[in-house]
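Now for the letters of each chain:
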Amino acid sequence: MSQRKSLILQNWWNAGLSFFYPEVCQICATHRGIPGEGYICSDCWTDVRFIQPPFCKRCGLPYAGEITAEFECSNCREMDLHFSSARSAVVANGLVLDVIHRYKYLRALWFEPFLADLLLRQAKPVLSEQKWDWIVPVPLHPLKQREREFNQAARLAAQLSCAINIPVKSKLLERVEFTRTQTQLTRPQRMANVRSAFRLRNNLRLNGERIVLLDDVLTTGATTSACAKVLRKAGAGEICVWTVARGL
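Novice: Got a minute to help me understand the overall build of the chain in this structure?
Specialist: The number of helices and strands found in the chain is 9 helices and 6 strands. If you take every contact in the chain between residues at least 6 apart in sequence, the share linking residues at least 24 apart comes to 72%. When the accessible surface of the chain is summed, it comes to about 12,900 Å², and 50% of that surface belongs to carbon and sulfur atoms.

Structural data, given as structure tokens:
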């Protein structure tokens, strides 16, 4: 779909939301919130914490203090990560996690402009300066996608694609194991849980393509690293990860 068609559909979507929902913030229910801003008011926006340096050069974990040299955190030193770097737009705090949870599990799609805005503010300037071939969203298992009716990573990837003109390859990877949710697992359990969860569709071969892996939240990096391992084994070049939020 062209960027122009996407914007037209977004405008129709916003108009429809305005008809059915009052223009009030869906977080505090006190101040005005409009569809184009994901129904988040300016007061609630102040709870968003964008990630700025210093952060781990590998996984993007933010650190407090006056660290000026590049560094790699202990989590990355202990894990065999298969992506070159990971960055996230914001810290996964209470407001952001609440929005993501309602977006994913309660089909609160009116939050999508807010989440896409967070991602674009941070990712667009960085990715626009570099040469990337594809954006690949982390896939859901077919059963989970059927239950949820959409893949949040694929929808956010489409928003990023329109902004930086990098094509989305949503059919490149597939999830072949119905894994437990990662939320309550330890770091070793997370790695084991997704170790064989992904594969390339139709045994495709890649030719050094530089890929942006996209997901909603990154915590240990186990899921995105498992995806990156499959892509690298198939012949991909450099792989970076972008997510909306970063768990601490």
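From this point, the narrative continues.
Novice: I keep staring at the environment of L81 and nothing clicks. Help me out?
Specialist: The residue L81 is located in the loop between α3 (74–78) and β1 (85–91) in this model. When its relative accessible area of 6% is taken as the criterion, L81 is described as buried. Sequence spacing of L81 and T220 is 139 residues, and the spatial spacing of their C-alpha atoms is 9.8 Å. The contacts of L81, once residues within four sequence positions are left out, are R58, C76, T220, G221 and S225.

Novice: I'm lost on unusual backbone geometry in this one. Help?
Specialist: Comment: phi is negative for the bulk of residues other than glycine, and the bulk of peptide bonds are trans. Of note, the bond from P53 into P54 is cis; its omega dihedral lies within 30 degrees of zero at 5 degrees. As for its position among the elements, P54 is in the loop between α2 (42–45) and α3. Within the chain, E149 stands out as a residue other than glycine whose phi angle is a positive 75 degrees. Notably, N202 is not glycine yet its phi reads approximately 55 degrees, a positive angle. Note on N202: relative accessible area 71%, which makes it exposed.

Novice: Just to check I follow, could you spell out the packing of aromatic side chains for this structure?
Specialist: Each aromatic ring pair is summarised here by two numbers: the centre-to-centre distance and the angle between the ring planes. The final tally for this structure, using the stated rule, is 5 aromatic pairs. Measuring from ring centre to ring centre gives 6.3 Å for W45 and F50, while their planes differ by 25 degrees; the resulting arrangement is stacked. Given a relative accessible area of 18%, W45 falls into the buried group. By relative accessible area, F50 is classed as partly exposed at 24%. Three or more aromatic residues link up through ring pairs in this structure, and these residues are W45, F50 and F114. A cation over an aromatic ring shows up here: K144 above the ring of F178, its NZ or CZ 5.6 Å from the ring centre. One residue, R210, lies across the ring of W132, its end atom 4.1 Å from the ring centre.

Novice: Explain the environment of E112 to me, please; I cannot follow it from the model alone.
Specialist: Locating E112 in the fold gives a position in helix α5 (residues 112–128). Considering only alpha carbons, one finds E112 and Y39, 73 residues apart in sequence, at a separation of 9.6 Å. Non-local contacts of E112, meaning those with residues more than four positions away in its chain, are made with Y103, R155, L156 and Q159.

Novice: I keep staring at the environment of V24 and nothing clicks. Help me out?
Specialist: Position of V24 among the secondary structure elements: in the loop between α1 (3–20) and α2. Distance in space between the C-alpha atoms of V24 and I34 is 6.8 Å, their sequence separation being 10 residues. Excluding residues within four positions of it along the chain, V24 makes contact with A29, T30, H31, R32, G33 and Y39.

Novice: Help me understand the packing of α5 against helix α7 (residues 152–164) in this model?
Specialist: For any two helices packed against each other, the geometry is given by the interaxial angle and the distance between the axes. Between α5 and α7, the least distance of the axes is 9 Å, while the angle of their chain directions is 45 degrees. Classified by the interaxial angle, the pair formed by α5 and α7 is oblique. Two packed elements cross with a definite hand, and for α5 against α7 that hand is right-handed. In this structure, α5 contributes E112, L115, A116, L119, L120, A123, K124, L127 and S128 to the contact, and α7 contributes R155, L156, Q159, L160, A163 and I164.

Novice: Would you take a moment to explain the nonpolar core for this structure?
Specialist: For soluble globular proteins, nonpolar side chains are generally found buried alongside one another. Judged by nonpolar contacts, the single largest core of 40 residues is most densely connected at F114, L115, L118 and L127. Contributing elements (two or more residues each) for this core: α2, β1, α4 (94–105), α5, α7, β5 (211–218) and β6 (239–246). At 7 residues, α5 tops the list of elements feeding residues into this core. Non-local contacts of L127, meaning those with residues more than four positions away in its chain, are made with W132, L160, I164, V212, C240 and W242.

Definitions and limits used
Residues numbered from 1 in each chain as written. Predicted model: local features only at pLDDT ≥ 70, side-chain atom pairs only at ≥ 80, totals over all residues. Heavy atoms only, no water. Helix = DSSP H or I, 4+ residues; strand = E, 2+ residues; numbered from the N terminus. Contact = heavy atoms within 4.5 Å. Areas by Shrake-Rupley, 256 points an atom, 1.4 Å probe, with all protein chains shown as cover. Buried < 20%, exposed > 50% of the residue type's maximum accessible area, 1.4 Å probe, protein only. Phe/Tyr/Trp six-rings, centres within 6.5 Å; stacked < 30°, edge-to-face > 60°. Lys NZ or Arg CZ within 6 Å of the ring centre and 35° of its normal. Axes fitted to C-alpha atoms, helices over the stretch in contact; angles between N-to-C directions. Parallel < 35°, antiparallel > 145°, perpendicular 65-115°, else oblique. Left-handed = near helix turned anticlockwise from the far one by under 90°. Core = buried A, V, L, I, M, F, W, Y, C linked by side-chain atoms within 4.5 Å.

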